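Fold and geometry: a report
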Amino acid sequence: TLGMIGAGFMGAGITEISVNKGIDVLLKDIKPDGITATKKEIWKGLHKKLKRKSITKAQAEEIIGRVNGRLTYEDFDTTDIVIEAVLEKMDLKKRIIADIEKHCMDDVIIATNTSSLSITEMASHATKPEMVIGMHYFSPVPKMPLLEIVKTEKTADSVIASCYEFGLKQGKTCIVVKDSPGFYVNRI
């Protein structure tokens, strides 16, 4: 189960590719409108597949049923990985990491979707910095095949391997890079 924090453009895209690959998602946002908009966007894609007869109505309903909206951290203690895709503000991301640690299992993987902020700085404020990693998806998520998995000096090897495997399950081409300004793609 994926815990997805933020139902904006990036969070919606990550949710869409996940549910389409059979992953259950707890989608948390501060407003119910964001969750509703994400479900509508996913349903648009499913509707196209229904028109082309590449999926059945039952399959479409099963896929959309994998999105479970939340305004709180209810049931986040059942997640294996949590990805936050909120505004690019360091203080906000640090606060969310603290919330994740408070509401999730001790061994939950905490991933941040950022294109430029320091993963090392975020991890330094976590009680378990070895569980913090960057997962930089490119926009728009359903169309862009690359996923940068950004490790710090403290990121556990098992966390890196799990995120790599998770990215492959989402249908992404994964590269593992060190935390540095711009990571790999934006730096190049």
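Quick look at the structure, then. In this convention, every chain numbers its residues from 1, walking through the sequence in written order. Local features in this predicted model are restricted to residues of pLDDT 70 or higher, and side-chain atom pairs are both shown and tallied only at a pLDDT of 80 or more, whereas totals for entire chains, interfaces and linings draw on every residue. Only hydrogens and water are set aside; all other atoms, that is, all heavy atoms of the structure, feed into the side-chain values.

Attention now moves to the packing of helix α1 (residues 9-20) against helix α2 (residues 32-51). As a packed pair, α1 and α2 sit with axes 9 Å apart at the nearest point and diverge in direction by 45°. In terms of orientation, α1 and α2 fall into the oblique class. For the pair α1 and α2, the sense of crossing is right-handed. Mapping the contact onto sequence places A12, T15, E16, V19 and N20 in α1 and T38, I42, L46 and K49 in α2. Considering only residue class, the contact of α1 with α2 consists of four nonpolar, three polar and two charged. In this analysis an axis means a line fitted to C-alpha atoms, helices contributing only their contacting stretch, and an angle means the value between N-to-C directions, from 0 to 180 degrees. Helix and strand definitions here come from DSSP, where helices need a minimum of 4 consecutive H or I residues and strands a minimum of 2 consecutive E residues; each element is numbered from the N-terminal end. An angle below 35 degrees is read as roughly parallel, one above 145 as roughly antiparallel, one from 65 to 115 as roughly perpendicular, and any other as oblique. Take the far helix as your reference; a near helix turned counterclockwise from it by less than a right angle gives a left-handed crossing, and one turned clockwise gives a right-handed crossing. The contact criterion used throughout is that any non-hydrogen atoms of two residues lie within 4.5 Å. In this classification, Asp, Glu, Lys and Arg are treated as charged, Ala, Val, Leu, Ile, Met, Phe, Trp, Tyr, Cys and Pro as nonpolar, and every other residue, Gly included, as polar.

Right, let's get into the nonpolar core. Nonpolar cores are built from buried Ala, Val, Leu, Ile, Met, Phe, Trp, Tyr and Cys residues. Side-chain atoms within 4.5 Å join them into one set. Type-normalised accessible area, obtained with a 1.4 Å probe on protein chains alone, sets the label of each residue: buried when under 20%, exposed when over 50%, and partly exposed for intermediate values. In this structure, L2, I83, M135 and Y137 are the most contacted members of the largest nonpolar core, which totals 35 residues. Leave out the neighbours within four places in its chain, and Y137 touches M10, I14, I17, I83, N113, L146, L147, F166, Q170 and K172. L26, M90, I97 and V177 belong to the second largest nonpolar core, which has 23 residues in total.

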